[in-house]
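Per-entry structural report
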Amino acid sequence: MRRVINFRINKESTEDMIKAGRFNPCLEITFRDRSGKHKHKLSAGYGDDLIVYREGDEIFIFYNNEMLGYVGLEVIHGDEKLGEIFMEEDELKDVLGSENLVPFNVIKYLREHIT
């Protein structure tokens, strides 16, 4: 698994926000891989820290918010979103222990529970 640094995060367009029935624009990630350029809407919030990894053709977008105490992981393959998981940090600490909460370890654990 390798960390990806060549991506861009923006807010979705007003037209997309209205079409989806949202009152606030969501975040979108734009990246390029072997199959072309991709853009996906994210569940992450504006105050979340985002870290992106790649393994094979899958992109793992890990986000956490220390102030609100949650983490999330979205998995993307090309133009398809394979799934996502959201978890409270307290639940994660119970399972992994507080010393193992580095993003790489959390991603390895969460990816097994993607829905």
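Before going into details, it helps to say that this report is about the structure given with it. Since this is a predicted model, take the numbers as computed values, not measurements. (Residues numbered from 1 in each chain as written. Predicted model: local features only at pLDDT ≥ 70, side-chain atom pairs only at ≥ 80, totals over all residues. Heavy atoms only, no water.)

Below, the discussion takes up the pattern of salt bridges. In the structure shown here, the tally under the stated rule is nine salt bridges. Salt-bridge contacts for Glu-74 lead to Lys-81; the nearest nitrogen and oxygen are separated by 2.9 Å. On the basis of relative accessible area, Lys-81 is assigned to the partly exposed category, the value being 34%. Via salt bridges that share partners, Glu-12, Asp-16, Arg-22, Glu-28, Lys-39 and Lys-41 belong to a single interconnected network. (Salt bridge = Lys/Arg side-chain N within 4 Å of Asp/Glu carboxyl O. Buried < 20%, exposed > 50% of the residue type's maximum accessible area, 1.4 Å probe, protein only.)

Attention now moves to helix α3 (residues 103-110). Those residues of α3 that sit buried are Val-106, Ile-107, Tyr-109 and Leu-110. One face of α3 carries all of its buried residues, which in axial projection span an arc of 165 degrees. Packed against the buried residues of α3 are β5 (49-55), β6 (58-65), β7 (70-77), β8 (80-88) and α2 (89-96). (Helix = DSSP H or I, 4+ residues; strand = E, 2+ residues; numbered from the N terminus. Arc of directions from axis to C-beta. Contact = heavy atoms within 4.5 Å.)

The next thing to look at is the packing of α2 against α3. One can describe the packing of α2 onto α3 by two numbers: an axis separation of 12 Å at closest approach and a directional angle of 85 degrees. In terms of their interaxial angle, α2 and α3 are classed as roughly perpendicular. When α2 is examined against α3, the residues Leu-92, Val-95 and Leu-96 are found in contact with a partner set consisting of Asn-105, Val-106, Tyr-109 and Leu-110. The residue makeup of the contact of α2 with α3, split by class, is six nonpolar, one polar and no charged. (Axes fitted to C-alpha atoms, helices over the stretch in contact; angles between N-to-C directions. Parallel < 35°, antiparallel > 145°, perpendicular 65-115°, else oblique. Nonpolar A, V, L, I, M, F, W, Y, C, P; charged D, E, K, R; others polar.)

Before going further, it helps to spend a moment on the environment of Lys-93. Tracing the sequence through the fold places Lys-93 in helix α2. C-alpha separation for the pair Lys-93 and Ile-59, spaced 34 residues apart in sequence, amounts to 24 Å. With residues near it in sequence (within four places) discarded, Lys-93 still touches Ser-98 and Leu-101.

Before going further, it helps to examine a negative patch on the surface. Judged by side-chain charge, Glu-88, Asp-90, Glu-91 and Asp-94 come together as a negatively charged surface patch. Counting residues per element, the negative patch draws most heavily on α2, at three residues. Looking at the secondary structure, you find Asp-90 in helix α2. (Patch = residues over 30% accessible without salt bridge, like charges linked within 9 Å, V, L, I, M, F, W, Y side chains within 5 Å. Areas by Shrake-Rupley, 256 points an atom, 1.4 Å probe, with all protein chains shown as cover. Lys, Arg positive; Asp, Glu negative; His and termini not counted. Charge placed at Lys NZ, Arg CZ, Asp CG, Glu CD.)

Such coordinate-based values are descriptive only and should not be taken to indicate function.
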